[in-house]
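Analysis of the macromolecular model
For reference, the chains in residue letters:
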Amino acid sequence: MNRLCSIRRFAGLLAVPLMLVVSVGQDATAGDGPTKVSLSVGQGPRADIPIAIPAPVGGGTASDEYWRVLRRDLEISGWFKIVDPKAYVEPAGTGVKPGEFDFANWRTPGATVLAKTVLVPNGDGQRAEVWVYDVSGAAKLGAKAFSGPSGSARTLAHRSADTIIQLVTQQRSFFDTRIAFSGKFGDNKEIYVMDVDGGGRRQITKNKSINLKPRWNASGSALCYTSYPSGNPVA
């Protein structure tokens, strides 16, 4: 039984529910960059499966962001150990589909799993593909494509990470999730949302008041929060 089969067999024992305690840093100079956030994770998985993630086919600035976010997601998931890209022997830009590359090139750096990706323009938006392979078994585990608007490389990377985790471990993941919080990055306390990794922060309220206790609705499509526009609380 190879290591990937062993991981899949025992993934149900490793993947207990995660408890996330979020502490958001109130940094007025943060701008649009990553929000300072600390996550306390209890009893998460720790598998360290060696995974190779070559740069996405497509190139460009958006691909750089996509690749960086994808690798970071997999690193903090607890499931994987990222194989150093300096150890890759396959030429950059090699195809992602079965028959377009040689599995031997990925056994050399010691990868157990290979995740090949594509990020290309798609009309006015972007399209990402993720192809996941068992290197030792020379087999495709699965593939999936996602589309999004222009500037959605970060979101597409989170969805790709969730796909890789589910295909390899048969467990659901949480990176395509948004966290709502109340924060003061200027003169007022407003409602914001951000990605699980602390990036992609977006301001929701701009009423120059005190806004607290955001809660998602059942479908995750809207927020309820408490505001004090006239000094009294209003939901």
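As a starting point, this report considers the structure included with it. (Residues numbered from 1 in each chain as written. Predicted model: local features only at pLDDT ≥ 70, side-chain atom pairs only at ≥ 80, totals over all residues. Heavy atoms only, no water.)

So, the overall build of the chain
Along the chain, the regular secondary structure elements total 4 helices and 12 strands. Relative to all contacts within the chain whose residues are 6 or more apart in sequence, the contacts with residues 24 or more apart total 50%. Working note: accessible area of the chain is about 12,300 Å², and carbon and sulfur atoms make up 50% of it. (Helix = DSSP H or I, 4+ residues; strand = E, 2+ residues; numbered from the N terminus. Contact = heavy atoms within 4.5 Å. Areas by Shrake-Rupley, 256 points an atom, 1.4 Å probe, with all protein chains shown as cover.)

Observations concerning the side chain of Asp162
Tracing the chain through its elements places Asp162 in helix α4 (residues 153–169). The charged side chain of Asp162 is buried without a salt bridge, its nearest counter-charge being Arg159 at 7.5 Å. Side-chain polar atoms of Asp162 contact the side chain of Ser173, separated by 3.0 Å. Polar side-chain contacts of Asp162 include one of 2.9 Å to the backbone nitrogen of Asp176. Discounting residues that sit within four places of it in the chain, Asp162 has contacts with Ser173, Phe174, Phe175 and Asp176. (Buried < 20%, exposed > 50% of the residue type's maximum accessible area, 1.4 Å probe, protein only. Lys, Arg positive; Asp, Glu negative; His and termini not counted. Salt bridge = Lys/Arg side-chain N within 4 Å of Asp/Glu carboxyl O. Polar contact = N/O pair within 3.5 Å; in protein donor to acceptor, adjacent residues only side chain to side chain.)

Here's the deal with the packing of aromatic side chains
Within the structure shown, the criterion is met by 8 aromatic pairs. Consider the rings of Phe103 and Tyr133, whose centres lie 5.7 Å apart with planes at 75°: the pair is edge-to-face. Taken together, the residues Phe103 in the loop between β4 (80–82) and α3 (104–107) and Tyr133 in strand β6 (residues 125–134) connect sequence positions 30 residues apart. There is no split in this pair, since Phe103 and Tyr133 are both buried. Between Phe185 and Tyr192, the ring centres sit 4.8 Å apart and the planes meet at 80°, which makes this aromatic pair edge-to-face. A connected cluster of aromatic rings, assembled from ring pairs, spans Phe101, Phe103 and Tyr133. Lys116 extends its terminal NZ or CZ atom over the ring of Phe101, reaching a point 5.0 Å from the ring centre. Between the NZ or CZ atom of Arg201 and the centre of the ring of Phe185, over which it lies, the distance is 4.1 Å. (Phe/Tyr/Trp six-rings, centres within 6.5 Å; stacked < 30°, edge-to-face > 60°. Lys NZ or Arg CZ within 6 Å of the ring centre and 35° of its normal.)

Overview of the pairing of strand β8 (residues 178–184)
By the criterion of burial, β8 is predominantly enclosed, with 5 of the 7 residues buried. The pairing of β8 with strand β9 (residues 189–195) spans 7 bridges and is antiparallel. Counted as the bridge partner of Ser182 is Ile191 from β9. Two successive antiparallel strands, β8 and β9, enclose a turn made up of 4 residues. (Pairing = 2+ DSSP bridges.)

With respect to unusual backbone geometry
Even without glycine at this site, Gln170 takes up a positive phi of about 65°. In this structure, Gln170 sits in the loop between α4 and β8. What makes Gln170 exposed here is its relative accessible area of 53%. Positive phi, close to 55°, is recorded for Lys208, a residue that is not glycine. Structurally, the position occupied by Lys208 is in the loop between β10 (202–203) and β11 (211–216). For Lys208, a relative accessible area of 68% translates into the label exposed.

What to know about the sheet that holds strand β7 (residues 139–149)
Pairing in this open sheet of 5 strands is mixed, and the strands run β4-β3-β5-β6-β7 from one edge to the other. Strand pairing shows two members of the sheet lacking a second neighbour, β4 and β7, which therefore form its edges. On average, adjacent strands in this sheet sit at an angle of 25° to one another, irrespective of strand direction. Summarising the sheet, strand β5 (residues 113–122) and β6 pair through 10 bridges and their orientation is antiparallel. Opposite Thr117, over in β6, you have Val130 as the bridge partner. Across the sheet, helix α2 (residues 61–77) touches β3 (49–52), β4, β5 and β6, and the angle it forms with β4 is around 135°. Contacting β3, β4, β5, β6 and β7, α4 runs over the sheet at an angle of about 160° to β7. (Axes fitted to C-alpha atoms, helices over the stretch in contact; angles between N-to-C directions.)

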